[in-house]
Amino acid sequence: NISLVAPFSLFVSVILFFGVICIGDFFQKIFIKKINKYKFINYNIFFSPLIGTYLIIFLLYFILIFEIYSIFFFKAFSYLIFFLGIINLYFNRNLYLQLAKSFNLRLSLETYLIIILFILLFFISASPITHADSLDYHFLGALNLVNNGHFQKEVLPMHTNLASLGEIPLALGLSIGAEQFGGIIQFSSLLSLIPIFLKAFKTKYFY
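In this report, the structure presented in the accompanying data block is examined. Every value quoted in this text rests on a predicted model; they were computed, and no experiment measured them.

**Things to note about empty space enclosed by the protein**
Taking a probe equal in size to a water molecule and rolling it over the atoms shows the remaining empty space. Tallying each qualifying case throughout the model produces one cavity of 30 Å³ or more. Quantified by volume, the largest cavity comes out at close to 40 Å³. Taken together, Val 20, Thr 53, Ile 56, Ile 57, Pro 169, Leu 172, Phe 181 and Ile 185 form the lining of the largest cavity. Those elements that provide at least two residues to the lining of the largest cavity are helix 2 (48–66), helix 7 (167–174) and helix 8 (181–188). Of the residues forming the lining of the largest cavity, the biggest block, three residues, is contributed by helix 2.

This is how it looks when you write it as structure tokens:
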């Protein structure tokens, strides 16, 4: 009942994901690009999901710990990220198209294998939550954050006491019905490997 009807839940999750990219990219443009030893500065967009996710988690963690209008902040923050995602898609659509066209890869067996693995992993992350581990405590822990605005304080049920920082992105998505947001955020950590793969392909490390 807390999730939007498919495929709207996935659409909202993807827009939220681009909102996280927007936050991470903004942080990098202010701070990280000033570091001359930043190796993959031309592909910094692939690190934006990781950086944006950690910034959001650390901010919301303190709000949850001190219980500062946590339920209100969850919804408000989710809508803010959603709004940033729309802005990001609208103003940076040409950037993403140019980035996709800039990949002049040698289509070898290794390249095909990596591309197929990325696509399959995305499909898994974009599917509804069905595996037992998530349904047992990840989903319930995130649902508890959405409903109560804090981590569980009671001893029982014991499995929801395992909820921690990792449930914050999932709770953000659930607060506006985006069930797949947590899975897409987990998948996005793999995007940080793309610059490493590109460098390996150019130097023929795999061949």
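**A look at the packing of aromatic side chains**
By the definition in use, this model includes nine aromatic pairs. With centroids separated by 5.4 Å and ring planes inclined at 65°, the aromatic side chains of Phe 18 and Tyr 96 adopt a geometry described as edge-to-face. Taken together, the residues Phe 18 in helix 1 (residues 8–30) and Tyr 96 in helix 4 (residues 93–101) connect sequence positions 78 residues apart. When the centroid spacing of 5.6 Å and the interplanar angle of 65° are considered together, the rings of Phe 122 and Phe 187 count as edge-to-face. Taken as a pair, Phe 122 in helix 5 (residues 109–125) and Phe 187 in helix 8 lie far apart in primary sequence, 65 residues in all. Note on Phe 122: relative accessible area 28%, which makes it partly exposed. Take Phe 187: its relative accessible area is 12%, and that puts it in the buried class. The ring of Tyr 90 has Arg 93 lying over it, and the distance from NZ or CZ to the ring centre is 4.7 Å.

Calculation criteria
Residues numbered from 1 in each chain as written. Predicted model: local features only at pLDDT ≥ 70, side-chain atom pairs only at ≥ 80, totals over all residues. Heavy atoms only, no water. 1 Å grid on protein atoms, 1.4 Å probe; cavity = no way out; pocket = protein on both sides within 12 Å on 5 of 7 lines; lining within 4 Å. Points joined across faces, edges and corners; volume = space filled by probe spheres on them. Helix = DSSP H or I, 4+ residues; strand = E, 2+ residues; numbered from the N terminus. Phe/Tyr/Trp six-rings, centres within 6.5 Å; stacked < 30°, edge-to-face > 60°. Buried < 20%, exposed > 50% of the residue type's maximum accessible area, 1.4 Å probe, protein only. Lys NZ or Arg CZ within 6 Å of the ring centre and 35° of its normal.

Purely geometric stuff here, so don't read any function into it on its own.
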